[in-house]
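# Structural features, examined
Now for the letters of each chain:
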Amino acid sequence: MANTETTERVSDLSGEKYKYGFVTDIEMDRAPKGLSEDTVRFISAKKTEPEWMLEWRLEAYQRWLEMREPKWARVHYPPIDYQNSSYYAAPKSQGERPKNLEDIDPKLLETYKKLGIPLSEQMMLAGVAVDAVFDSVSVATTFKQKLTEAGVIFCPISEAIREHPELVRKYLGSVVPTTDNFFATLNSAVFSDGSFVYVPKGVRCPMELSTYFRINASETGQFERTLIIADEDSYVSYLEGCTAPKRDENQLHAAVVELIALDGAEIKYSTVQNWYPGDEEGKGGIFNFVTKRGDCRGKNSKISWTQVETGSAITWKYPSCILRGDNSVGEFYSIAIANNYQQADTGTKMIHLGRNTRSRIVSKGISAGHAENTYRGLVSVHPRAEGARNHTQCDSLLIGGECGAHTVPYIESRCPSASVEHEATTSKISDEQLFYCLSRGIPQDEAVSLIVNGFCREVLQQLPMEFAVEAQKLVGISLEGSVG
Amino acid sequence: MLEIRDLHVTVDGKEILKGLNLSIPAGEVHAVMGPNGSGKSTLSYTLAGREGYDITSGSILYKGEELAALTPDARAAKGFFLALQYPVEIPGVSTMVFLKTALNAQRRARGEDEVDAVKVLRLVREKAKALNITEDMLRRPLNVGFSGGEKKRLEILQMALFEPSLAVLDETDSGLDIDALRLVAEGVNAMRSPARAMLVITHYQRLLDYIVPTRVHVLRAGQIVTSGGPELAKELEKKGYETITGAAA
């Protein structure tokens, strides 16, 4: 498992706190502002999509018109003007898809370099295949060959729609239907790109798959759509990292991720989300309204979500598992950090439908500054789910006296043989702990980072190693200056 | 090494140290003894720079520099070490990671190169052996579930690792059985050097059988009321604080 024993220097990592706050100057090919049927058609045409896809989108769009934005989360934000945003932006030089890395606009590569994505030879050594999404178009897909040999399909979803329509038609929207919720339905209508993964029967994906999402153009929402299918007895681990440049206005991000695990299959999905959180006064930042759901469709299947959420002005996100297959397992490991005026409302849903299904939830919420951090979770056990078991552990850590931590667990059990356990703690970083670290020469920010990383250890250990180190650093950076 | 002059310290608006004078040259080990409430812990926290311990007048010179101007972490980097009476638990942070983080933070502050994980591990193991600190302890979260003796031994291990110029041991003997006490004392004695000064703060004379001090000072009501050689500690043990300091019970 991941080695989280490294504690890196925080001060090394960024001269300024949000080091990803640069903008790449590239001509963009974008849709006119506003959202209408024409916008949906424009996007579909840009992607040279088949007719069935366009219809699927239009149906979602019609549905969306009748829907209302959900208001139940503990987040407050000014009304979003959906007509004042552009729903498609692609770097112009990418009109022709690059054939290999050499064909890619060097400015794009420079951007990735700043982000620290190893999109070159180093990657070969690291054994990571990256499908990088720059605004709306995937600019580079590496390692395709090696994956192809294993029979794994890993490509932009726009490509999958054209090349593997039978798979996409069968599974797209089968976990998160187009009618699911306001933001997911919006995504269904206007999603521009994202990743597609198919792992065939009995195949253990030979490498970690990774996608870096990045919002670059201003006033564009990013609506990625990710679809991962693990066929019988297969295994795949998928990493998703997110950053966005610093801007004063708020940007909307409404992604949908669907995972499907068939009999005996396992999917591990890890996210490190570092969207721009806004400044110290709460100005700007990403509105992150994301629907992520996994379906343990087959028996003995397993889906594991691990998330480290340090960014975004608003986070509204509940990666969930539908435990349909008998003996299937769902896991949710989460670290959510909210500092300054960030608001996070995040958690999970574990829906036990099959017999002897098991789920485990470990949530670590950290609040600092004036932030509000809510864990919202549902554990639901169907009458048929005999022997279902759940264990939930929700720990909150408060830094300073102006922030809030809230835990909202819903438990619905309709099965007498089910066992559902919920544990929750709330603690503060104590003066004693801080003084102890200081007295040993560890400066304040580093001490906070150390203590918080210790608090999150259980979750950090779930991350693949490269991500765990990155995540530890992020934890430190996002809490800099939160004490004293 | 350490020169305290007419030190007045208040905690929560209450004056605890009332004109304390103490001077410890390099190469010497001094003991400060005193009954409960005499200001022993206030002295050690003030030296370490803990928030809430306000110096209202007087000065603390360490290697000729005014200590009050330095943050606690800066003091540590300059070679000041305090072994705490109650070492703190930090869940989820392995002892080894903590030691490495602290050692490198100090080195960085001094402009020295950081030591990599392998070297730190070797260094720690070497020092841990003498203190009977096991690999398992080093892997466990810092002080979490440690016995009183284990916690104190870990404090001494840190002292050995950081090699401070001035070490203050605050009631390191409290809560120790005789075997642990001997182990800790051996660890401290091994650190004695002409370049290092130590201050042992204790309530009981017992520890001073093992760590024989150059000088003994008696603290009472925020002041050093009497000083002497090692024999003063024995006398205190026999006659009690009241007789020696001449105060009424």
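As shown above, the structure is provided for reference.
Keep in mind that what you see is a predicted model, and the values were worked out from it rather than measured. (Residues numbered from 1 in each chain as written. Chains lettered and ligands numbered in written order. Predicted model: local features only at pLDDT ≥ 70, side-chain atom pairs only at ≥ 80, totals over all residues. Heavy atoms only, no water.)

## Focus: the overall build of chain B
Rule in force here: Numbering goes from the N terminus for both helices and strands, where a helix is a DSSP run of H or I of at least four residues and a strand is a run of E of at least two. We take the radius of gyration over the C-alpha atoms and set the globule estimate at 2.2 Å times the residue count to the 0.38 power. Three labels apply to residues, based on accessible area from a 1.4 Å probe with only protein chains included: buried if under 20% of the type maximum, exposed if over 50%, partly exposed otherwise in between. In what follows, residue pairs with any heavy atoms lying within 4.5 Å of each other are defined as contacts. The Shrake-Rupley method, run with a 1.4 Å probe, gives the accessible areas here. Residue values count only the displayed protein chains as cover. By the counting scheme adopted, Arg and Lys are positive, Glu and Asp are negative, and His together with the chain ends is not counted. The location of each charge is read from NZ of Lys, CZ of Arg, CG of Asp or CD of Glu.
Each helix and strand counted, chain B has nine helices and twelve strands in total. Here the C-alpha atoms of chain B give a radius of gyration of 18 Å, agreeing with the 18 Å that 2.2 N^0.38 yields for 249 residues. Counting across all 249 residues of chain B, residues that qualify as buried make up 55%. The contacts in chain B between residues at least 6 apart in sequence include a share of 69% that link residues at least 24 apart. Summed over its atoms, the accessible surface of chain B is roughly 10400 Å², and 49% of this surface lies on carbon and sulfur atoms. On chain B, the mean spot of the 31 positive side-chain charges and the mean spot of the 32 negative ones are 3 Å from each other.

## Things to note about the pattern of salt bridges
So the rule is basically this: Should a side-chain nitrogen of Lys or Arg be within 4 Å of a carboxyl oxygen of Asp or Glu, the pair is scored as a salt bridge.
Taken as a whole, this structure holds 33 salt bridges over all chains when the rule is applied. Between K317 of chain A and E309 of chain A there is a salt bridge, with its nearest N and O atoms 2.2 Å apart. The same class applies to K317 of chain A as to E309 of chain A, namely buried. Residue R110 of chain B pairs with E112 of chain B through a salt bridge whose shortest N-O separation is 3.1 Å. Through salt bridges that share partners, R360, K364, D395 and E458 of chain A make up one connected network.

## With respect to the sheet that holds strand β11 (residues 215-220) of chain B
All names here are of chain B. How we decide: One bridge is not enough; two strands pair if DSSP finds at least two bridges between them. To get an axis, fit a line to the C-alpha atoms, keeping to the stretch in contact for a helix; angles then go from 0 to 180 degrees between the N-to-C directions.
The six strands lie next to each other as β6-β9-β10-β3-β11-β12, forming an open sheet whose pairing is mixed. Of all the strands in the sheet, just β6 (80-83) and β12 (223-228) have a single pairing partner and so form its edges. With strand direction ignored, the average angle separating the axes of adjacent strands in the sheet is 20°. Sheet topology places strand β9 (residues 166-170) next to strand β10 (residues 197-202); five bridges connect them, and they run parallel. Bridging across to β10, D170 finds its partner in I201. Packing against the sheet, helix α1 (residues 40-48) makes contact with β3 (29-33), β6, β9, β10 and β11, and its axis sits at approximately 145° to β10.

## So, the sheet that holds strand β2 (residues 14-24) of chain B
The strands making up a sheet associate through backbone hydrogen bonding, with each pair oriented either parallel or antiparallel. All names here are of chain B. Ordered in space as β2-β1-β4-β5, the four strands form an open sheet in which the pairing is antiparallel. Edge positions in the sheet fall to β2 and β5 (65-66), since each has one partner strand and no second. By the bridge criterion, eight bridges tie strand β1 (residues 2-11) to strand β4 (residues 53-62) in an arrangement that is antiparallel. Looking at β4, one finds that E3 is bridged to L61.

## Thoughts on the environment of T407 of chain A
Residue and element names in this part refer to chain A. Here T407 is to be found in strand β22 (residues 404-413). On the accessibility criterion, T407 (32% relative accessible area) is partly exposed. Sequence-distant contacts of T407, defined by excluding residues within four places in its chain, comprise Y375, C394, S396 and H422.

## Some words on the interface of chain A and chain B
Heads up, the rule is: As a working definition, buried area equals the accessible area (1.4 Å probe) given up by two parts on being put together, with both sides summed. Throughout this description, a polar contact denotes any pair of N or O atoms lying within 3.5 Å of each other; where both atoms belong to protein, one of them has to be capable of donating a hydrogen while the other can accept it, and for residues adjacent in sequence the pair is counted only when both atoms sit in side chains.
Contacts between the two partners involve 21 residues from chain A, matched on the other side by 32 residues from chain B. Taking both sides of the interface into account, the surface hidden between chain A and chain B amounts to around 2300 Å²; carbon and sulfur atoms contribute 63%. Scanning the region where chain A abuts chain B turns up three salt bridges. Taken together, chain A and chain B are joined by nine residue pairs in polar contact (both at pLDDT 80 or more). Elements represented by at least two residues in the side of chain A that touches chain B include exactly α9 (431-439) and α10 (444-455) of chain A. Among the elements that make up the side of chain A that touches chain B, the one with the highest residue count is α9 of chain A (eight residues).

## Focus on helix α7 (residues 178-190) of chain B
All names here are of chain B. What counts, and what does not: One less than the number of residues in a helix, times 1.5 Å, gives the span that helix is expected to have.
Spanning 13 residues, α7 covers 18 Å between terminal C-alpha atoms, matching the ideal 18 Å at 1.5 Å per step. Turning to α7, its buried residues are A180, L181, L183, V184, A185, G187 and V188. Next to the buried residues of α7 lie α4 (117-130), α6 (148-162), β9, β10 and α8 (206-210). Regarding α7, its N-cap is D177, as a side-chain oxygen of that residue lies 3.2 Å from the backbone nitrogen of D179 further along.

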